[in-house]
Structures are given as structure tokens and as C-alpha cells.
Amino acid sequence: MAASENAHRELDLYVRQISKVPLLSPAEESRLAFLYRRERDPSVEQQLVLANLRFVVKIARQYGGYRLPLLDLVQEGNLGLVTAVRKFEPERGHRLISYAHWWIRAHMQSYIMRNWSLVKIGTTQAQRRLFFRLRSTRQQLEQQQLNGEAASDAALGLQLCVATQEISNMETRLRDRDHSLDLPVVDACQGASVDVLQSAAPSQEEGIIGKQLRQRLRRAIDASMAMLSPKERYVIQHRLLHAEPPTLLQIGKVLRISRERVRQIEGEVIRKLRQLMMPRAVA
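Rules and cut-offs
- Residues numbered from 1 in each chain as written.
- Predicted model: local features only at pLDDT ≥ 70, side-chain atom pairs only at ≥ 80, totals over all residues.
- Heavy atoms only, no water.
- Helix = DSSP H or I, 4+ residues; strand = E, 2+ residues; numbered from the N terminus.
- Buried < 20%, exposed > 50% of the residue type's maximum accessible area, 1.4 Å probe, protein only.
- Contact = heavy atoms within 4.5 Å.
- 1 Å grid on protein atoms, 1.4 Å probe; cavity = no way out; pocket = protein on both sides within 12 Å on 5 of 7 lines; lining within 4 Å.
- Points joined across faces, edges and corners; volume = space filled by probe spheres on them.
- Nonpolar A, V, L, I, M, F, W, Y, C, P; charged D, E, K, R; others polar.
- Arc of directions from axis to C-beta.
- Salt bridge = Lys/Arg side-chain N within 4 Å of Asp/Glu carboxyl O.
- Polar contact = N/O pair within 3.5 Å; in protein donor to acceptor, adjacent residues only side chain to side chain.
- Axes fitted to C-alpha atoms, helices over the stretch in contact; angles between N-to-C directions.
- Left-handed = near helix turned anticlockwise from the far one by under 90°.

1. Considering the overall build of the chain
When helices and strands are tallied, the chain shows 13 helices and zero strands. Going from N to C terminus, the chain has its helices and strands arranged as α-α-α-α-α-α-α-α-α-α-α-α-α. Split into buried and exposed, the 283 residues of the chain put 31% on the buried side. Long-range contacts, defined here as pairs at least 24 residues apart, represent 58% of the contacts in the chain between residues at least 6 apart.

Written out as C-alpha cells, the structure reads:
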């Protein structure tokens, strides 16, 4: 709660500071925009940015439902505003904020997509549209229902031009957000979620068996390697036993043979090792 209150105070202080910057009249904004477009003067850019910061805050509040820090959203939106100032073409006759609106939203939405979940979502245009429009579209459709029924996935898919299954998948992602493993377990007297996770580490018995198997396989490989030709040993050591194996072409240059010949030797070596190791590995 304290962190939330501090964030609100910081945002209020920021809003009070940027509110002291006077708005630009259309004529003054046009003059500065043409001047900046001609001379790229950083001080002129700063004037155009500062005069429009309050609009960034207004847009950021519209994304408050995503439960992300508003100050972070504002910061991302400010980057979008700077991009818009640098790309603005005043000769088209539009106000700067009308053009910057799209850049500000794009930066904020990108931030939300990056921070909503550890699992990457919104990799396609359809998924991004779903992520930001699914809930509002559902509300609109339900308000239009005379009988008060919930909007179906089929109706939502038709409205948003996506498959019904994508609607269901996105609903699950929006509902089941990531949570901290340090959160206490529900209905548990003590302990956190991390305490009840199954360990990915092998048990003591599995570790001993794995170590013994690796030792036996290592002995079998060493004995088998002695029965291979120098070229075959080089290929097996660098292609199959190397942490970062070189390409067939690189090995071919060292052995002064073609890439295809290296591939053939690799296949022959693997077949030989299978035949040689089978009786040894189980011995």
C-alpha cells in the first residue's frame, strides 16, 4: 500500500510540474514546428515536447486498467512524443498532438505487451488487437444485448476478425497473469508458492545412476575411438563431442576434403560407434 501511495504522490508532483508549462497556441506551435523542421534546434524540440507532456499523462490514465505503474507508462509515452516531434510535418496542417497521439499510444502499448507477462504475447497484429480491444468490445456487445446475455466468443471473433479459439486463448492469458513465487500459498498455514514447487534437480538415486552411466559410456567411447581412423576421430571429437561444433565446411578445410565427404564420414562414424558401443555400454 505504501508503494502505491508513493507512486500516486510522485505522479501528482509530476503533473503539477508539467502543468506549469503553458500550452502553445496553434500559431506558435506551427511556428516552432517549422523552425525545428528547418534547423533541428534541440531547444525548439524541448519547447514542443514540454508543452504537450500533460496530454501524455491523459493518455496514460486510459491504460490504468492494466495495473502497471502509471509513471512508467508516462515515461514510455514521452518517448513516443519525442519521436512524433521529430517526425512531425507541420505543412500538412494538423496539430502536433493529433499526430503524436498515435506514437504515444504505440509506445505505451509496446511497454504493456513487454511487461504484462513473462510469456511473450501479441506476436501478431491479430493478437495485439485482441489484447487491447477484447474487453472493450465484449462490453460494447453486451450493452447491445437486450436480454443481458454475455457476448459469445463467436460474436467477438466476428467483430474483431479473428478465430474463436484465439478469443478463448487470449481470455485465458488476460485472466491468468504471472504471480510472484514469494506469494503465500492459499489455505496454507505458512510457506510460499516456491516452497511447493517440484524440484527440477534429480534425486540422489537418479544422480548416482546417471553418473555411473556416464562413466560407462565414457569408457566405451574411449575404447571405440581407438578403433577409428585419424579422420574419423577428428570428426567425432569436433562434431559430436565439442561444446560448439564447427561446420562441415570448416572441418573439411582442416582435413582437406569436401563438405559432403565430411558428412559421409560423420554418418559412418556414428554407425560404427553404435555397433562398437552397444556391447560395451551394457557390459
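Once the structure has been displayed, the description carries forward.
2. Focus on the environment of Glu29
Within the secondary structure layout, Glu29 lies in helix H2 (residues 26–39). Along the primary structure Glu29 and Ala51 are separated by 22 residues, whereas in three dimensions their C-alpha atoms are 9.2 Å apart. The residues touching Glu29, leaving out its near neighbours within four places in the chain, are Leu24, Leu48, Asn52, Arg95 and Leu96.

3. Quick look at empty space enclosed by the protein
Any space left empty among the atoms is revealed by the rolling of a water-sized probe across them. The final tally for this structure, using the stated rule, is one cavity of 30 Å³ or more. A volume near 40 Å³ is recorded for the largest cavity. Among the elements that make up the lining of the largest cavity, the one with the highest residue count is H2 (three residues). Partitioned by chemical class, the residues of the lining of the largest cavity number six nonpolar, no polar and one charged.

4. Here we look at the environment of Glu76
The residue Glu76 is located in helix H5 (residues 70–87) in this model. Each residue touching Glu76, except ones within four places of it in the same chain, is listed here: His107, Met108, Tyr111 and Arg114.

5. Regarding helix H8 (residues 153–160)
Buried within H8 we find Leu156, Gly157 and Leu160. Along the axis of H8, the buried positions cluster into a sector of 100 degrees, meaning they face one direction only. Cys161 sits one or two positions beyond H8 and adopts a positive phi of about 60 degrees.

6. As for the pattern of salt bridges
Evaluated as defined, the whole model comprises eight salt bridges. The salt bridge partner of Glu260 is Arg263, with a shortest N-O separation of 2.3 Å. Here Glu260 pairs with Arg263, and both are found in helix H13 (residues 259–281), just three residues apart, close to one helical turn.

7. A short note on the side chain of Glu45
Its location among the elements puts Glu45 in helix H3 (residues 42–50). Separated by 2.5 Å, the side chains of Glu45 and Arg86 make a polar contact. Contact partners of Glu45, with chain neighbours within four places excluded, come to Tyr36, Val82, Val85 and Arg86.

8. Quick word on the packing of helix H11 (residues 230–239) against helix H12 (residues 248–255)
Relative to each other, H11 and H12 sit at 145 degrees, their axes nearing to 11 Å. Crossing handedness for the pair H11 and H12: right-handed. Together, Lys231, Tyr234, Val235, His238 and Arg239 of H11 and Leu248, Ile251, Val254 and Leu255 of H12 make up the contact between the two elements. A breakdown of the residues in the contact of H11 with H12 according to their chemical character gives six nonpolar, one polar and two charged.

By themselves, these are just geometric observations and shouldn't be taken as functional.
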